[in-house]
Amino acid sequence: QVQLVESGGGLVQPGGSLRLSCAPSGTIDNINAMGWYRQAPGKQRTRVALITNSGSADYADSVKGRFFISRDNANNTIHLQMNSLKPEDTAVYYCIIESRSRYFSRDYWGKGTLVTVSS
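Note that this is a predicted model, so its numbers are computed, not measured.

Calculation notes
Residues numbered from 1 in each chain as written. Predicted model: local features only at pLDDT ≥ 70, side-chain atom pairs only at ≥ 80, totals over all residues. Heavy atoms only, no water. Disulfide = S-S within 2.5 Å. Helix = DSSP H or I, 4+ residues; strand = E, 2+ residues; numbered from the N terminus. Buried < 20%, exposed > 50% of the residue type's maximum accessible area, 1.4 Å probe, protein only. Salt bridge = Lys/Arg side-chain N within 4 Å of Asp/Glu carboxyl O. Pairing = 2+ DSSP bridges. Axes fitted to C-alpha atoms, helices over the stretch in contact; angles between N-to-C directions.

Enquirer: Got a minute to help me understand the state of the cysteines in this structure?
Expert: Here is the idea: a disulfide is a covalent bond, and it sits between the sulfur atoms of two cysteines. In this structure the tally under the stated criterion is one disulfide. There is a disulfide in this structure between C22 and C95, and the S-S distance comes to 2.0 Å. Disulfide C22-C95: the torsion about the S-S bond is 50°, which places it as right-handed. Here C22, found in strand β3 (residues 18-24), pairs with C95, found in strand β9 (residues 91-100); they are 73 residues apart in sequence, far enough to count as distant. Comparing C22 with C95, the two get one shared label, buried.

Encoded structure:
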């Protein structure tokens, strides 16, 4: 079974930057979109950013202008560049790959990587 492997989380001071990466362990067909969600302690998981096959990106209002998502189509790797980090960005970040076809729909999730923004 294909797994998504995330990397790049850690502890950073407010105003700092981190870059998250996510890559599948195998082949995923019919990729529709790739993205990142996050879940802060005691809160629901929410979408941070999503990028489609055409390269169109959508961001949560709370991260617009600070976070930037990119993808490498050659190996289906996605990245999330996070700048000007705030304490409220502290969360477990999960990557997702959406696979869609006429007869099949499946979401692949990573296990999450912790981002802590604190002085």
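Enquirer: I would appreciate a short explanation of the pattern of salt bridges in the present structure.
Expert: Scanning all chains against the criterion turns up six salt bridges. Measuring nitrogen to oxygen at the nearest pair gives 2.8 Å for the salt bridge that ties R66 to D89. Pair noted here: R66 is in the loop between β6 (57-59) and β7 (67-72) and D89 is in the loop between β8 (77-82) and β9, with a separation of 23 residues, a long-range link. Where salt bridges share partners, they join R38, R66 and D89 into one cluster.

Enquirer: What is the right way to look at the sheet that holds β7 in this model?
Expert: The strands that make up a sheet pair up through hydrogen bonds in the backbone, lying either parallel or antiparallel. The antiparallel open sheet is built from four strands, whose spatial order is β1-β3-β8-β7. Each edge of the open sheet carries a strand with a single partner, namely β1 (4-7) and β7. Mean inter-strand twist for the sheet, computed between neighbouring axes without regard to direction, equals 15°. Pairing between β1 and β3: four bridges, direction antiparallel. Residue pairing for β3: L4 is matched across the bridge by P24.

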